[in-house]
Amino acid sequence: MSKDSENIIEIFSSIQGEGKYVGCRQVFVRFEGCNLHCAYCDTEHAIGAHPACRIETAAGSRMFHELLNPVSAEDAAVQIQALLVEAPAQAVSFTGGEPLLHAPFIHTLRGKVDALTPFLLETNGTLSEPLATVLDDVDIISMDLKLPSATGEALWDAHRRFLTLARRKELYVKMVIAENTPDEEFIRAVSLLESVAPDALLILQPVTPCGGVAACPPERVLAMQAEAMRHVRDARVIPQTHKFIGQL
């Protein structure tokens, strides 16, 4: 299983703005394509919409040059490695879109990027079969637990299968909460996590208003955290911090 080239949206060095590793320096590799259509999505990731990949010219410079897509694994590794040398990073973060649509390419990259740098997978937590193919290549899994009110479809079974695999690695789970998040969906989600991976850190992420999705009232955020703590070992409230400080 390998793939030598792939369409990539951008490669850059910045701080992680969500989840367990907020504030840590990471190199981000953002892929095209997603198998879901979340109401609050703020990323342009359409397949074929990016004829070239934006690559940061120097770590943190926010200046970019372009490589025509598809980008070879060899070229991607060279660019990732250069950014890691300029600004040591806690991890290389694969994001999107949905990076597991590109699992063979991630597998190829693992053999070309400094093995001491962890690979972090930011995923919607629905594609268990591709995950199985790269489980040995990734070190940290940041899994979204998607609610039907956000995606328009129930993904409980897919999430259960995914969690069963993902719990073998360092795992934390993010759940976006909004004004319209139904109580019954929230309870089902935390109960699912309790039944499969109760030791996984749960991040409740108040939505950044987008696409008509309204913010979760602050008092409800606290009530949801209190309920979550009845089901899992650790539940924290962390918004999209990079939005506050103008980071990529």
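Residues numbered from 1 in each chain as written. Predicted model: local features only at pLDDT ≥ 70, side-chain atom pairs only at ≥ 80, totals over all residues. Heavy atoms only, no water.

1. Description of the packing of helix α1 (residues 73–86) against helix α2 (residues 103–110)
Alright, step 1. Two elements in contact, α1 and α2, have axes whose closest approach is 10 Å; the angle formed by their N-to-C orientations is 60°. Relative to α2, the element α1 lies oblique. Handedness of the crossing formed by α1 with α2: right-handed. Side by side, α1 and α2 meet where Ala73, Ala76, Ala77 and Ile80 of the first sit next to Phe105, Thr108 and Leu109 of the second.
Alright, step 2. When grouped by side-chain class, the residues that make up the contact of α1 with α2 number six nonpolar, one polar and no charged. (Axes fitted to C-alpha atoms, helices over the stretch in contact; angles between N-to-C directions. Helix = DSSP H or I, 4+ residues; strand = E, 2+ residues; numbered from the N terminus. Parallel < 35°, antiparallel > 145°, perpendicular 65-115°, else oblique. Left-handed = near helix turned anticlockwise from the far one by under 90°. Contact = heavy atoms within 4.5 Å. Nonpolar A, V, L, I, M, F, W, Y, C, P; charged D, E, K, R; others polar.)

2. A few points about the environment of Glu129
Alright, step 1. Along the chain, Glu129 turns up in helix α3 (residues 128–134).
Alright, step 2. Owing to a relative accessible area of 67%, Glu129 belongs among the exposed residues under this scheme.
Alright, step 3. A sequence separation of 121 residues divides Glu129 from Ile8, and the C-alpha atoms of the two residues are 22 Å apart. (Buried < 20%, exposed > 50% of the residue type's maximum accessible area, 1.4 Å probe, protein only.)

3. As for α1
Residues separated by three or four positions in an α-helix point in the same direction, a consequence of the helix having 3.6 residues per turn.
Alright, step 1. In this model, α1 (14 residues) spans 20 Å end to end at C-alpha, consistent with the 20 Å of a helix rising 1.5 Å per residue.
Alright, step 2. Residues Ala73, Ala76, Ala77, Gln79, Ile80, Leu83 and Leu84 constitute the buried set of α1. The arc that holds the buried residues of α1, viewed along the axis, is 165°, so those residues lie on one side. (Expected span 1.5 Å × (residues − 1). Arc of directions from axis to C-beta.)

4. Focus on helix α5 (residues 156–166)
Alright, step 1. Those residues of α5 that sit buried are Trp156, Ala158, His159, Phe162, Leu163, Leu165 and Ala166.
Alright, step 2. For α5, the elements touching its buried residues are β8 (119–123), α3, β9 (140–144), α4 (148–151), β10 (170–177) and α6 (183–196).

5. Considerations on the pattern of salt bridges
Alright, step 1. Tallied over the entire structure, the rule returns 13 salt bridges.
Alright, step 2. Its salt-bridge partner being Lys174, residue Glu18 comes within 2.5 Å of it at the nearest N-O pair. In this pair, Glu18 is assigned in the loop between β2 (8–15) and β3 (25–31) and Lys174 in strand β10, connecting sequence segments 156 residues apart.
Alright, step 3. In this structure Glu18 comes out as buried when scored by relative accessible area, which is 13%. (Salt bridge = Lys/Arg side-chain N within 4 Å of Asp/Glu carboxyl O.)

6. Quick look at unusual backbone geometry
Alright, step 1. A cis amide bond links Asn69 with the next residue in sequence, Pro70, at an omega value of 0°.
Alright, step 2. A cis amide bond links Gly96 to the next residue, Gly97, at an omega of 10°.
Alright, step 3. As for its position among the elements, Gly97 is in the loop between β7 (91–95) and α2.
Alright, step 4. In this structure, Arg62 is a non-glycine residue whose phi angle is positive, near 60°.
Alright, step 5. Within the secondary structure, Arg62 sits in the loop between β4 (52–56) and β5 (64–68).

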